[in-house]
Amino acid sequence: MVSPGLVLDLVERVGALARHGTISVPLGESDPEQASATVAAWCAHTGNQLVEVQGNVATVRKGRPLDPLGELRPDLVPGTRLWMYTNFDCNLACDYCCVRSSPQSARRALGVDRVRQLATEAVEAGVSELILTGGEPFLLPDIDEVVAACTAVLPTTLLTNGMLFRGRRLAALRRMDATRLALQISLDSATPDLHDQHRGHGSWGRAVAGIRLAQAEGFRVRVAATLPYEQNHQLGPFHTFLDSLGVAPEDQVIRALAHRGVADEGIELTLESLIPEVTVTAEGIYWHPVAADHDDQFVTENIFPLRDAIEEVRRRFTELRANATAAAQWFPCA
Amino acid sequence: MSQPLLVGAVAYTPNVVSIWEGMRDYFAETPTEMDFVLFSNYGRQVDALLDGIIDLAWNTNLAWVRTVAQTDGDCRALAMRDTDTVFKTVFVTRAGSNLDGLEALRGRRLALGSKDSAQAAILPVHFLDHSGPGADVVELIRTDSDLGKHGDTGRSELDALRAVLDERADAAAIGINTWEAIGRAELMPGAFEACWESPTYSHCNFTVLPRVPQERTEPWVERLLAMDWDNPEHRPILEMEGLRQWVQPNLDGYGTLFDAVREQGIPPRW
């Protein structure tokens with residue numbers, strides 16, 4: 001038997017809360033299971049949210065559950081874009097690489113079969129864009145097949161350092177569908193110094209050559225720079241240089257250096273501070289591509305079904321944001 | 001553009017801030033913008049309406065009756081919630097008490113809410129007098145909590161229900177909103193049952209004095225009535241305020257309370 005006073009307490013105490021405020025209500029001497037069921041039924045009846053029952057105390061939030069997904073810009077909703085790490089090995093060993101890629105890294109390739117299945121399931125799951133990254137994807141001998149599996153179903157972007165467009169790799173590039181594929185080439189500065197300092201001597205010149213070649217082959221080219229946060233306001237010369245290369249302003253992407261991987265410094269990116277971008281590696285699903293080599297942002301080893309993986313990321317994001325909002329409301333400063 | 005219409009409301013819970021911020025946002029960037037002022041009690045709010053400090057008052061039924069009394073009827077009701085047109089008082093007893101109807105309360109103890117609550121004090125007495133055995137043959141147990149808020153907090157009604165649970169009273173008179181909030185008799189089987197429900201009457205409305213011209217209020221009311229339950233941006237406001245649709249006022253629904261106030265000698269202002 002549940003004490004009727006429990007419901008009266010709920011009405012009074014939850015009624016006195018501000019919207020989305022939270023309160024803990026003792027369940028009293030009632031049978032805990034029955035009392036929990038009563039609180040849940042009352043919450044459902046009155047449009048409030050039972051957050052949890054721990055021990056003999058129920059925590060109730062006023063109003064309907066928060067909808068962090070609904071508050072996001074549509075293009076930022078997790079699962080709108082799908083990132084795939086095609087491999088982790090790289091011809092460069094950049095000193096800030098967020099996933100510790102280098103020539104010594106194990107390949108850890110997703111493989112064309114899994115990429116094809118992912119691309120197919122991505123369409124069914126409502127994904128609108130595919131993004132392939134590494135490592136350096138052009139190290140894969142079948143990169144053109146991997147890309148074709150993606151461009152066959154969705155607009156695709158391929159991240160590369162642009163340095164390997166020769167011989168069979170150039171031939172592979174030419175087999176890619178330039179109407180469905182954009183190339184995102186990394187370049188950190190308008191002159192070789194800064195870029196080469198982080199990425200290796202001579203890498204700037206080859207990247208710029210790669211940009212020009214890709215443009216000549218008819219590809220849309222985005223250029224992405226990775227810069228320390230404090231340098232992000234000194235970009236005038238860099239944009240001027242990219243303009244001179246014919247890179248459209250909307251394709252000039254500046255990313256802040258993240259304190260991840262082998263980077264000694266950079267902005268701290270955590271589950272709480274990142275809006276997730278569903279990311280697939282050979283090991284499983286990660287929260288965000290910037291941490292696809294870090295256990296703290298590992299979501300699940302179950303890549304398939306992809307819809308379930310996306311749903312799990314959304315569920316965790318919703319829970320994190322709702323709890324953060326509730327926590328903020330527990331500690332008003334004035 | 002004219003100044004925003006200034007709406008007064010009583011802050012009976014912190015949630016009121018969210019409600020009126022939502023309302024203000026709904027009217028923002030329209031030709032009928034509004035802002036709000038919160039009062040600690042309906043007496044102050046009605047004073048502010050009469051003094052021209054606010055343009056509109058979101059009034060309880062008792063505040064409306066008092067505004068009519070103090071203006072000799074020279075005021076208008078602009079709109080109300082759909083739920084305000086079908087408000088009721090419910091007389092609640094312990095389940096299995098076999099008390100059925102108002103007549104069964106003769107010689108019994110009835111817990112009332114705050115004396116300035118129309119639904120939980122003033123009208124219950126009126127109903128006992130006109131539809132039951134008379135209030136003079138029922139032992140009235142009054143719980144005057146949150147005075148000045150006209151029963152909006154619901155606290156006095158919950159205290160009245162607790163009196164029934166604690167066997168300090170045989171029945172409690174509460175508003176239909178509180179009866180709904182506790183899940184009627186369904187959420188707590190074996191706890192409470194309704195022994196009598198009153199006819200419907202009107203509850204809150206937006207009250208305005210002639211000083212504010214109709215050309216200012218009419219577009220505002222038009223936009224208010226356009227608030228749509230199926231619109232996800234509007235719905236949270238409607239849910240918080242406890243309605244599905246704003247409607248034109250039903251003034252006939254105040255007749256019972258005018259009679260009750262007159263018969264019980266309730267002064268025009270508290």
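Conventions we followed
- For every chain, the first residue of the written sequence is number 1, and numbering continues from 1 along that sequence.
- A letter from A marks each chain and a number from 1 marks each ligand, given out in the order of writing.
- Where local features are concerned, this predicted model is filtered to residues with pLDDT of at least 70; where side-chain atom pairs are given and counted, the filter is 80 or more; whole-chain, interface and lining totals use all residues.
- Each helix is a run of H or I in the DSSP string that is no shorter than four residues. Each strand is a run of E no shorter than two, and both are numbered from the N terminus.
- To assign burial, the other C-beta atoms lying within 10 Å of each residue's own C-beta are counted, with C-beta atoms placed from the backbone; 20 or more indicates buried, 12 or fewer indicates exposed, and intermediate counts indicate partly exposed.
- Two residues qualify as a contact pair if the distance between their C-beta atoms, derived from the backbone, is within 7 Å.
- Under the convention adopted here, Pro, Cys and the residues Ala, Val, Leu, Ile, Met, Phe, Trp and Tyr are nonpolar, Asp, Glu, Lys and Arg are charged, and Gly plus all remaining residues are polar.
- What makes two strands pair is DSSP finding at least two bridges between them.
- Helix axes are fitted only over the stretch in contact, all axes being lines through C-alpha atoms; the angle between N-to-C directions runs from 0 to 180 degrees.
- Orientation is classified from the angle alone, with under 35 degrees giving roughly parallel, over 145 giving roughly antiparallel, 65 to 115 giving roughly perpendicular, and any other angle giving oblique.
- Here a crossing is taken to be left-handed if its near helix is turned anticlockwise relative to the far helix by less than a right angle, and right-handed if that turn runs clockwise.
- Any set of buried Ala, Val, Leu, Ile, Met, Phe, Trp, Tyr and Cys residues joined through C-beta atoms within 7 Å is what this text calls a nonpolar core.
- Given a helix with a known number of residues, its expected span is that number minus one, times 1.5 Å.

A. Structural detail: the overall build of chain A. Summing up its helical and strand segments, chain A has nine helices and twelve strands in all. Taking all 334 residues of chain A together, the buried fraction comes to 39%. Counting contacts in chain A only where the partners sit at least 6 residues apart, residues at least 24 apart contribute 67% of the total.

B. Focus on the interface of chain A and chain B. Between chain A and chain B, the contact holds 19 residues from the first and 19 residues from the second. Of all the secondary structure elements, the ones that give two or more residues to the side of chain A that touches chain B are helix 1 (4-15) and helix 2 (32-46) of chain A. At seven residues, the largest contribution of residues to the side of chain A that touches chain B is made by helix 1 of chain A. By residue class, the composition of the side of chain A that touches chain B is ten nonpolar, six polar and three charged.

C. Expanded view of the pairing of strand 8 (residues 220-227) of chain A. Residue and element names in this part refer to chain A. Pairing analysis gives five bridges linking strand 7 (residues 181-186) to strand 8, with the strands arranged parallel. Its bridge partner lying in strand 8, Ser186 is registered against Ala224. Note that strand 8 and strand 9 (residues 252-256) share five bridges and pair parallel. Considered in strand 9, the bridge of Val223 is made with Gln252.

D. The packing of helix 1 of chain A against helix 2 of chain A, seen in detail. All names here are of chain A. Contact geometry of helix 1 with helix 2 gives a least axis separation of 11 Å together with a crossing angle of 40°. It follows from the interaxial angle that helix 1 and helix 2 lie oblique. Regarding helix 1 and helix 2, the two cross each other, and that crossing is right-handed. Mapping the contact onto sequence places Leu6, Val7 and Leu10 in helix 1 and Ala35, Thr38, Val39 and Trp42 in helix 2. When the residues that make up the contact of helix 1 with helix 2 are grouped by side-chain class, the tally is six nonpolar, one polar and no charged.

E. Just the sheet that holds strand 9 of chain A, in detail. Residues and elements named next belong to chain A. In spatial order, the strands read 9-8-7-6-5-4-10-11-12; together these nine strands make up an open sheet with mixed pairing. Each edge of the open sheet carries a strand with a single partner, namely strand 9 and strand 12 (298-300). Averaged over neighbouring strand pairs, the angle between their axes works out to 25° when direction is ignored. Inspection of the sheet shows strand 4 (residues 81-85) paired to strand 5 (residues 129-133) by five bridges, in the parallel sense.

F. Spotlight on the sheet that holds strand 9 (residues 171-175) of chain B. Residues and elements named next belong to chain B. Strands sit in the order 8-7-9-6-10 across an open sheet of five strands; the sheet is mixed. Each edge of the open sheet is held by one strand with a lone partner, namely strand 8 (139-142) and strand 10 (192-197). Strand-to-strand, the axes of this sheet are offset by a mean angle of 30°, without reference to chain direction. Alignment of strand 7 (residues 109-112) against strand 9, held across two bridges, turns out to be parallel. Across the sheet, residue Leu110 finds its bridge partner in strand 9, namely Ala171.

G. Broad picture of the nonpolar core. All names here are of chain B. In terms of nonpolar packing, the biggest core is built from 94 residues, with Val92, Ile122, Ala160, Ala172 and Leu257 touching the most fellow members. Among the elements that make up this core, the one with the highest residue count is helix 4 (residues 118-131) (eight residues). If we skip the residues at most four places from it in the chain, Ile122 touches Leu62, Leu257, Ala260, Val261, Gln264 and Ile266.

H. Representation of helix 1 (residues 15-27) of chain B within the structure. Residue and element names in this part refer to chain B. Taking 1.5 Å per residue as the helical rise, helix 1 with its 13 residues ought to reach 18 Å, and the 19 Å between its terminal C-alpha atoms agrees with that figure. Of the residues making up helix 1, those classed as buried are Asn15, Val16, Ser18, Ile19, Trp20 and Met23. On its buried side, helix 1 packs onto strand 1 (5-10), strand 2 (34-39) and helix 8 (235-241). Where helix 1 terminates, the next one or two residues include Glu29, which has phi positive at roughly 60°.

I. How the structure looks around the pairing of strand 11 (residues 205-208) of chain B. All names here are of chain B. What you see with strand 11 is no split at all: Asn205 and Thr207 on one side and Phe206 and Val208 on the other are buried throughout. For strand 3 (residues 56-59) and strand 11, the ladder comprises four bridges, and the chain directions are antiparallel. Within the sheet, the bridge partner assigned to Ala57 lies in strand 11 and is Thr207. In terms of strand pairing, strand 4 (residues 76-77) meets strand 11 through two bridges, oriented antiparallel. Looking at strand 11, one finds that Ala77 is bridged to Thr207.

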